[in-house]
Amino acid sequence: HVTLRGGAGSGAMSRRERGPKPRSGGAEAAAEEAAPTEPESPDQCLSLLPWDRFSAWLHCVCVVGFDLELGQAVEVIYPPHSKLTDKEKTNICYLSFPDSNSGCLGDTQFCFRFRRSPGRKVSLCCFLDQLDRDLPVYLKKDSVYYYGYVYFRQVRDKSLKRGYFQKSLVLISKLPYVHLFRTMLKQIAPEYFERNEAFLEAVCSDIDRWPPPVPGKVLQLPIMGVIMKLQIPTYRDKPGTTPIVQNMHQADAQISMALPTVHEVDLFRCFCPVFFHIQMLWELVLLGEPLVVMAPSPAESSEAVLALVSCISPLKYCSDFRPYFTIHDSEFKEYTTRTQPPPSVILGVTNPFFAKTLQHWPHIIRIGDIKLPGEVPKQVKVKKLKNLKTLDSRPGVYTSYKPYLNKDEEIVKQLQKGVQQKRPTEAQSVILRRYFLELTESFIIPLERYVASLMPLQKCISPWKSPPQLRQFSQDDFMKTLEKAGPQLTTGLKGDWIGLYRHFLKSPNFDGWFRSRQKEMTQKLEALHLEALCNENLVFWSQKHTEVETVDLVLKLKNKLLQADREHLPVKTDTLKKLQTHINDIILALPDDLQDILLKTGTT
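What you see is a predicted model, and the numbers here were worked out from it, not measured in a lab.

Draft legend 1. Examining the overall build of the protein chain more closely. A tally of regular secondary structure across the protein chain gives 22 helices and 14 strands. Burial statistics for the protein chain: of 604 residues in total, 51% are counted as buried. Pairs at least 24 residues apart make up 74% of the contacts formed inside the protein chain by residues separated by at least 6 positions. Element-wise, carbon and sulfur atoms account for 52% of the exposed surface of the protein chain, whose accessible area totals about 29,300 Å².

As structure tokens, this is what we get:
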């Protein structure tokens, strides 16, 4: 094992100082570069340096304590070479403790999200980028934000001046795997509070032996004598399906634990306080409206915000969201100013001060303690914003928003019936998740269909011209398609669908979704262009053209190969090999002096 304190820093330094591996010139090298990364051998990529495997899952582990003179302070950062700016440390300090009014005695788990400081170079292996591409869009890592997963303990301790022991163990990661890290903290945090730093070293050493987070594979992650088994979804999975990971019998003495999900929260438990309004909340999240969740503790606020963000899955929520937000947050002024309209963001707050500060926000959700209902919840009416005076106001949704769609009474009845029949909360969550999924798909399918029609026909792709451009998105043309090919084909839900689409087309969620589709289709056009080139007799073409034109063609083809590798175009390996063969054949037909030059020439 590599210990945390010895040599880790120098290992990290050598990684930073060492530049990218120099490329060898020539067509053969281009062929090697064009070969796609094979995910079957991740170990080759992640066994080069200490902490590479750890970094694939976590940025660092922090311990935040309370100092009578300094207040909250980061006491420990593992591994020691992990870099955090002062601003990031300050954010972690304040976000790792509940507000004093929350009164969280005992153990509390929650999560937060904060903006990374700009300008930091990220040394991620190319293989990890490949993994990110295989993920569903809503699970891709966000280069701008970190997640903090917290296990906070507050217990009476007369031996301390303050009379309380207060400490948080915090995992900092770019990955939104809420359930995985929550489960992991439940395993390690209680023991850490008893045993301190040596135990944390051992934990980090365990994580540094984990396999990389490969989507679609059953992963076994050992952590202090327990093996967590899980499967990360891929973009190829059918939305709404959860991979079943069997709890295999261990031959040795280790305990095995199968995780049903890496990222999902208990949807029904989170929405239960306001479940008469789930459809309206779905619209508000879909449209990227400013939303604030006021809750009694960070555990409730963070779960509710994560539930809201996930309700439009498989669409990605493209605006900012903060599962737990405090008055000390570096974006506090930016998000609470009254000089401009509230931004498109979902905030989870617990401090009563926000009831006054965010009074001007258009949509406020107030939840009490999230408990599993033993009886049918009472109808909670939508209230006007002026009724919200303090954080102690009754639970409910405070807004003047009028939903575009008619209310779906069926889902409410189905969930109420589940409560009466004491249906397990997991089953209720499955029903609710399927409902949201079908609603989102009914909404997005007409858009998918229209955007697919913007793709040029394959017959328009000529190997001797640049790939054709996508046609422009026209709101009017799209709206015309809705009469015959709108949501009515997949849902019986009535309402002002046209109005909902018009509003959505102005939202950050549409912008993010459309950019992603544009990129995919442009890459598809590039791939089809490559295939068209491969199907031509390029050697015959070169014999009928000048040497200058032939050299120009070779350089362009080499660049095409590198582009295919760099942008990970959806091209078959056989196509790339065929193109490489064309390049080699063309070069061999040229004079010797040109052959030498072209075999040594790199590409841009």
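Draft legend 2. Expanded view of the pairing of strand β9 (residues 291–294). Side chains of β9 alternate between two faces, with L291 and V293 and V292 and M294 buried alike. Strand direction decides the pairing type here: β9 and strand β11 (residues 345–349), joined by four bridges, are parallel. In the sheet register, V293 faces β11, and the bridge partner there is G348. With three bridges joining them, β9 and strand β12 (residues 363–366) adopt parallel strand pairing. Within the sheet, the bridge partner assigned to V292 lies in β12 and is I364.

Draft legend 3. Representation of helix α11 (residues 298–310) within the structure. Look at α11: 18 Å from first C-alpha to last across 13 residues, which is about the 18 Å you get at 1.5 Å a residue. Most of α11 is tucked away, with eleven of its 13 residues classed as buried. Along α11, the residues classified as buried are P298, E300, S301, S302, E303, A304, V305, L306, A307, L308 and V309.

Draft legend 4. Quick look at the packing of aromatic side chains. Within this structure, the stated rule accounts for 35 aromatic pairs. Both rings, one in F165 and one in F193, keep their centres 5.9 Å apart while their planes meet at 85°; by these two values the pair is edge-to-face. Taken together, the positions of F165 in strand β5 (residues 164–173) and F193 in helix α7 (residues 178–195) put the pair 28 residues apart, joining distant regions of the chain. Comparing F165 with F193 shows no difference in burial state: the two are buried. The rings of W282, F443, Y450, F473, F478, Y501, F504, F510, W513 and F514 are connected pair by pair, giving a single aromatic cluster. Geometry around Y145 places R113 over its ring, the cationic atom sitting 3.9 Å from the centre.

Draft legend 5. Spatial organisation of the sheet that holds strand β7 (residues 226–231). Strands sit in the order β6-β7-β8 across an open sheet of three strands; the sheet is mixed. One side of each edge strand has no neighbouring strand; the edge strands of this open sheet are β6 (218–223) and β8 (255–258). Strand-to-strand twist in this sheet, taken as the mean axis angle between neighbours without regard to direction, amounts to 25°. Bridging between β7 and β8 involves four bridges; their strand directions are parallel. Considered in β8, the bridge of K229 is made with A258.

Draft legend 6. Structural detail: the pattern of salt bridges. Under the definition given, this model contains 22 salt bridges. Between E334 and R115 there is a salt bridge, with the nearest N and O atoms lying 3.4 Å from each other. One end of the pair, E334, is in helix α12 (residues 332–336); the other, R115, is in strand β3 (residues 106–115), and 219 residues separate them in sequence. Taking the relative accessible area as the measure of exposure, R115 reaches 25% and is therefore partly exposed. Note that R153 and E194 form a salt bridge whose closest N and O atoms lie 3.6 Å from each other. Of this pair, R153 sits in strand β4 (residues 145–156) while E194 sits in helix α7, and the two are 41 residues apart along the sequence. A residue is classified by how much of its surface remains accessible, and R153, at 13% relative accessible area, is buried. The class of E194 is exposed, set by a relative accessible area of 61%. One network of salt bridges, with partners in common, ties together R113, R115, D142, D320, R322, D329, E331 and E334.

About the thresholds
Residues numbered from 1 in each chain as written. Predicted model: local features only at pLDDT ≥ 70, side-chain atom pairs only at ≥ 80, totals over all residues. Heavy atoms only, no water. Helix = DSSP H or I, 4+ residues; strand = E, 2+ residues; numbered from the N terminus. Buried < 20%, exposed > 50% of the residue type's maximum accessible area, 1.4 Å probe, protein only. Contact = heavy atoms within 4.5 Å. Areas by Shrake-Rupley, 256 points an atom, 1.4 Å probe, with all protein chains shown as cover. Pairing = 2+ DSSP bridges. Expected span 1.5 Å × (residues − 1). Phe/Tyr/Trp six-rings, centres within 6.5 Å; stacked < 30°, edge-to-face > 60°. Lys NZ or Arg CZ within 6 Å of the ring centre and 35° of its normal. Axes fitted to C-alpha atoms, helices over the stretch in contact; angles between N-to-C directions. Salt bridge = Lys/Arg side-chain N within 4 Å of Asp/Glu carboxyl O.

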